[in-house]
Amino acid sequence: MYDYNPYSFELDLDGDGIMESEAQLTDMNGDGFVDSIEIASDLNHDGYYETYEYQVDNDCDGYFETEVEAVDTNNSGEADMAIIKQDTNFDGQADVVERYYDYNQDGVTDDVKIHQDSDGDGRFEDLTKIYDSDGDGMLDTTEVYRDDNGNGSADYHEVYAYDPGTNEIIPADNADYSLSGTYYQDLDNFDPDSVTDPDLITGDPEESMDYWEFQGDTNRCALYSQMFVIEEFTGEDIDMEEFAQTAEENGWFTESGTYAANVNKMLDYYGIENEMSFHQSIDDVEDCLDNGGRVIVSIDADEIWHGKSNDIFAPDSDSNHMVEVIGIDRSDPDNPMVILNDSGSPYGKGEMVPLEVFEGAWSEGDNQMIACYPS
């Protein structure tokens, strides 16, 4: 049992002999039981807490109804990613999951996702997305999705203009939305010798394929995607171990992966002109490739590699992989293909993915795109 005053202690989570976390336990109502747990962690040992976790028993009934995880990816003192899980009907399962992202790390939220199990049946059937569609720092668009029959597809989709000053939403556009599983076990690879009309190929996949490498059993996909572009633009032969060490020393990467806000930091480090944006379209990708640029995107690799169904209503539905888009093949107008340099697959050199499959996987990462141009 603990007093009302918070009880604090340090933790060595990874067993390396260094205390990288501080925990605080609080008995809010003085009944002798812990109602609140807070843990702040410096997992990369750089002297700053970058991860914060909270568990709260809101009604002091012995169960934690609210869980919060917040991450400060650039040591600014402010979290730029947060996940809040709430059990509002006290049945032991989270029925509201909220995700907040400050992608450009300017202290202003750029994107909010709210998953809800509105009827308490254990299935998330409502999704609301609120985001900054034009990059001006203001949340301006809301999308509402509803799955009425529980198949993971949106039976209702409405787009609204969002006014952050009044919190009002105004119907902006009706949009059709369809989801489907992909179920592809084998993907073809781009063959330059098979091209009969170069005008139907966007980009220069043949040249870009020369820079592909397999990442092996690592979480370095964002680093490899950046390295492909840097080597192609500079002609420099980069050693990945040194590349990863530089990224890790600057706090942009750990062997667990790279946060979305940091996936262009090594491009900046090498002086590669680039712009990171979200909620883009395949037309934006083609425009960049048409103008001599290179494109890196965030995707859900499971939808491409394993045929996972694109269920946007699942709170854990998210991107988990970075790849370079090196071309678009429209030689078959009925089956356009997106050509990737995918470091995560041993067969990812010039990996050919049907456009519809790619767009489903890309949507899981909020259509994040890094447009890169030679300096």
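Look a little higher up for the structure.
Residues numbered from 1 in each chain as written. Predicted model: local features only at pLDDT ≥ 70, side-chain atom pairs only at ≥ 80, totals over all residues. Heavy atoms only, no water.

So, about the overall build of the protein chain. Scanning the protein chain from N- to C-terminus turns up seven helices and 19 strands. Accessible surface computed for the protein chain: about 18,400 Å², of which carbon and sulfur atoms make up 44%. (Helix = DSSP H or I, 4+ residues; strand = E, 2+ residues; numbered from the N terminus. Areas by Shrake-Rupley, 256 points an atom, 1.4 Å probe, with all protein chains shown as cover.)

Attention now moves to the packing of helix 2 (residues 221–234) against helix 3 (residues 240–249). Where helix 2 contacts helix 3, the axes come no closer than 11 Å and their chain directions differ by 115°. Helix-helix and strand crossings are classified by hand; for helix 2 and helix 3 the assignment is right-handed. In this structure, helix 2 contributes Leu 223, Tyr 224, Gln 226, Met 227 and Ile 230 to the contact, and helix 3 contributes Met 240, Phe 243, Ala 244 and Ala 247. (Axes fitted to C-alpha atoms, helices over the stretch in contact; angles between N-to-C directions. Left-handed = near helix turned anticlockwise from the far one by under 90°. Contact = heavy atoms within 4.5 Å.)

Structurally, Asp 80 can be placed in the loop between strand 5 (66–71) and strand 6 (81–86). For the buried Asp 80, no salt bridge is present, and the opposite-charge side chain at shortest range is Lys 265, 8.8 Å distant. For Asp 80, the contacting residues outside a window of four places in its chain are Val 71, Asp 72, Thr 73, Asn 74, Tyr 100, Tyr 101, Asp 102 and Gln 105. (Buried < 20%, exposed > 50% of the residue type's maximum accessible area, 1.4 Å probe, protein only. Lys, Arg positive; Asp, Glu negative; His and termini not counted. Salt bridge = Lys/Arg side-chain N within 4 Å of Asp/Glu carboxyl O.)

A full pass over the atoms with the stated rule returns five aromatic pairs. When the centroid spacing of 5.7 Å and the interplanar angle of 40° are considered together, the rings of Phe 243 and Tyr 270 count as tilted. Of this pair, Phe 243 sits in helix 3 while Tyr 270 sits in the loop between helix 4 (265–269) and strand 14 (273–277), and the two are 27 residues apart along the sequence. Note on Phe 243: relative accessible area 1%, which makes it buried. Joined through ring pairs, the aromatic side chains of Phe 243, Trp 252, Tyr 269 and Tyr 270 make up one cluster. (Phe/Tyr/Trp six-rings, centres within 6.5 Å; stacked < 30°, edge-to-face > 60°.)

A few words on unusual backbone geometry. At His 279, a residue that is not glycine, the phi angle is positive and equals roughly 60°. Its place among the elements puts His 279 in the loop between strand 14 and helix 5 (282–290).

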